[in-house]
Amino acid sequence: MDLRIFTEPQQGATYDTLLTVAKATEDLGFDAFFRSDHYLRMGSGDGLPGPTDAWITLAGLARETQRIRLGTLMTAGTFRLPGVLAIQVAQVDQMSGGRVELGLGAGWFEEEHAAYGIPFPKEKFGRLEEQLEIVTGLWVTEPGRTFDFHGTHYQLKDSPALPKPTQPKIPVLVGGHGATRTPKLAAKYADEFNMPFASVEDSERQFGRVRAAAEEAGRKGDDLVYSNALVVCVGRDDQEVARRAAAIGREVDELKLNGLAGSPAEVVDKMGRYAEIGSGRLYLQVLDLADLDHLELISAQVQAQLP
C-alpha cells in the first residue's frame, strides 16, 4: 500500500508552507506529494494568504525535491487549454527528472470560475474526454511528426507536439463516482483510477465498474492502479485525535466514519479494509499543514505497519 500526502492549498497556504510539507513528505518516506487544483476556499474562513497555482507550485517543488512523485488530484479541465496543459506537464516532468503524474478532471466548482473570470461551460465531460485524447496524443507523437485533432470542442493543426516528457509515459489519473461514463473514460485513458472520499463499499462497487469497462475496452482490469483519497486524522490517544479534528473543524465520529481517523491501530485496520477491495494507494488528505508532527506520527506508526 502506497501512502501519498494530498493537500488543499486553496484553504490558505503559501508556497513556502507547501515546500515545507513536500520536504517532510520526502524525508518521512511517503511516496508522493499531491495537491488540489482550486482557486477559491471552500467553506468558512478568509482563505488567506490566497490561492497558489497547482502547476507553478509543482514546478517549484520539482527543483527542490529529489525522490517523491508530484501530481494533482485533479487538475481542472476548465482552467487550461489541453495543448498548453500538455506543455506545462511535460516541462515540469523534465524539471523533476521524470516524477510527475497528471490527474485530470472536468472541473466542478462554479464559484471559483466566477470569482476569477474563468469560463464555466455547461458541457464539461465531453471536453474532458477530448482533453485527455489531446494531452496523451501530443506526448506520444514521435519527434519529427505532427499531431492533428478535430473535435467538437478543440482543434489542433500541424502541432509539433513538443516538448516531450522525461518519462516514457506520464501516469494519467482519472477519478470520480459516475457509474457509466467515468469508468469508460478511465478504461480508455487512465493508468490509475482514484475514488475520492468514498466508503469501502462504494469504492468496491466503482472499482468493479472500472475493471469491467477496462476489459470491455480490451485491457486487463489489473492494468490500472486503484486508489482512494481520504481525509486523515491520527492521534496517539483520544485527546490528540480530538485536538486534530477540532483544528480542521471536523467531528471525530464523522472523521472515523468518512475518513482515516483514530489511533494508529484503528487507521491501519481501516486501510486494510481498502486494501482488501483492491486499493493499492491511499492519498491522505492533510488539512492542517502546520502540523508536521501529524505526518511524523503517520510515518512512524501507520506507514511502518503496512506491508
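So, how was this worked out
- Residues numbered from 1 in each chain as written.
- Predicted model: local features only at pLDDT ≥ 70, side-chain atom pairs only at ≥ 80, totals over all residues.
- Heavy atoms only, no water.
- Helix = DSSP H or I, 4+ residues; strand = E, 2+ residues; numbered from the N terminus.
- Rg over C-alpha atoms; globule rule 2.2 N^0.38 Å.
- Buried < 20%, exposed > 50% of the residue type's maximum accessible area, 1.4 Å probe, protein only.
- Phe/Tyr/Trp six-rings, centres within 6.5 Å; stacked < 30°, edge-to-face > 60°.
- Arc of directions from axis to C-beta.
- Contact = heavy atoms within 4.5 Å.
- Polar contact = N/O pair within 3.5 Å; in protein donor to acceptor, adjacent residues only side chain to side chain.
- Salt bridge = Lys/Arg side-chain N within 4 Å of Asp/Glu carboxyl O.
- Expected span 1.5 Å × (residues − 1).
- Axes fitted to C-alpha atoms, helices over the stretch in contact; angles between N-to-C directions.
- Parallel < 35°, antiparallel > 145°, perpendicular 65-115°, else oblique.
- Left-handed = near helix turned anticlockwise from the far one by under 90°.
- Nonpolar A, V, L, I, M, F, W, Y, C, P; charged D, E, K, R; others polar.
- Pairing = 2+ DSSP bridges.
- Right-handed = clockwise from strand over helix to strand, strands pointing away.

**Focus on the overall build of the protein chain**
Now for step 1: If you tally the helices and strands in the protein chain, you get 11 helices and 12 strands.
Now for step 2: What you see for the protein chain is a C-alpha radius of gyration of 19 Å, in line with the 19 Å of a compact globule of 307 residues.
Now for step 3: Its C-alpha atoms give the protein chain principal-axis dimensions of roughly 60 × 45 × 35 Å.
Now for step 4: For the protein chain, buried positions account for 53% of its 307 residues.

**A closer look at the packing of aromatic side chains**
Now for step 1: On inspection of all chains with the given rule, the structure shows six aromatic pairs.
Now for step 2: Plain terms: the ring middles of Phe34 and Tyr283 are 5.0 Å apart, the flat faces sit at 70° to each other, and that makes the pair edge-to-face. You can see Phe34 sitting in strand E2 (residues 32–35) and its partner Tyr283 sitting in strand E12 (residues 281–286), a full 249 residues away along the chain. Each member of the pair, Phe34 as well as Tyr283, carries the same accessibility label: buried.

**Re helix H8 (residues 238–247)**
Now for step 1: Every buried residue belonging to H8 is among Glu240, Val241, Arg244 and Ala245, and all of these are buried. Each buried residue of H8 sits inside an arc of 135° when the element is viewed along its axis, so together they form one side. Facing away from the buried side of H8, by more than 90 degrees, are the exposed residues Asp238, Gln239 and Ala246.
Now for step 2: Its buried side turned inward, H8 meets strand E10 (225–234), helix H9 (252–258), strand E11 (260–262) and helix H11 (292–301).
Now for step 3: Looking at where H8 begins, the residue whose side-chain oxygen comes 3.2 Å from the main-chain nitrogen of Gln239 is Asp237.
Now for step 4: One or two steps after H8, the chain reaches Gly249, where phi turns positive at roughly 70°.

**Some details on the pattern of salt bridges**
A side chain with one charge may pair with a side chain of the opposite charge, provided their charged atoms come close.
Now for step 1: Applying the stated criterion to the full structure yields 21 salt bridges.
Now for step 2: Note that Arg4 and Glu101 form a salt bridge whose closest N and O atoms lie 2.9 Å from each other. One end of the pair, Arg4, is in strand E1 (residues 2–7); the other, Glu101, is in strand E5 (residues 100–105), and 97 residues separate them in sequence. Here Arg4 matches Glu101 in class, with each residue buried.

**Considering unusual backbone geometry**
Now for step 1: Following Leu73, the chain continues into Met74 via a peptide bond in cis, with omega recorded as -25°.
Now for step 2: Of note, Met74 is situated in the loop between strand E3 (69–72) and strand E4 (75–76).
Now for step 3: Here the bond from Leu162 into Pro163 is cis, since omega is 0°, no more than 30 degrees from zero.
Now for step 4: Examined against the element boundaries, Pro163 turns out to sit in the loop between strand E7 (155–159) and strand E8 (172–175).

**A closer look at the environment of Glu64**
Now for step 1: Along the chain, Glu64 turns up in helix H2 (residues 54–64).
Now for step 2: Beyond its immediate sequence surroundings of up to four residues, Glu64 is in contact with Tyr15, Leu19 and Lys23.
Now for step 3: Of the polar contacts made by the side chain of Glu64, one reaches the side chain of Tyr15; its length is 2.6 Å.

**Here we look at helix H1 (residues 15–27)**
Now for step 1: Look at H1: 18 Å from first C-alpha to last across 13 residues, which is about the 18 Å you get at 1.5 Å a residue.
Now for step 2: Tucked inside the fold, the buried residues of H1 contact E1, E2, H2 and H11.

**Some remarks on the packing of helix H3 (residues 82–96) against helix H5 (residues 125–140)**
Now for step 1: Across the interface, H3 lies against H5 with an axial gap of 9 Å and an inter-helix angle of 45°. When the axes of H3 and H5 are compared, the pair comes out oblique. At the point where H3 passes H5, the crossing takes the right-handed sense. Contacts between H3 and H5 involve Pro82, Gly83, Leu85, Ala86, Val89 and Ala90 from the former and Gln131, Ile134, Val135, Leu138 and Trp139 from the latter.
Now for step 2: By residue class, the composition of the contact of H3 with H5 is nine nonpolar, two polar and no charged.

**Regarding the pairing of E1**
Now for step 1: With five of six residues buried, E1 is to be regarded as a mostly interior element.
Now for step 2: Across six bridges, E1 lies against E12 in parallel orientation. Counted as the bridge partner of Asp2 is Arg281 from E12.
Now for step 3: In this fold, E1 hands off to H1, which returns the chain to E2; that crossover is right-handed.

Such coordinate-based values are descriptive only and should not be taken to indicate function.
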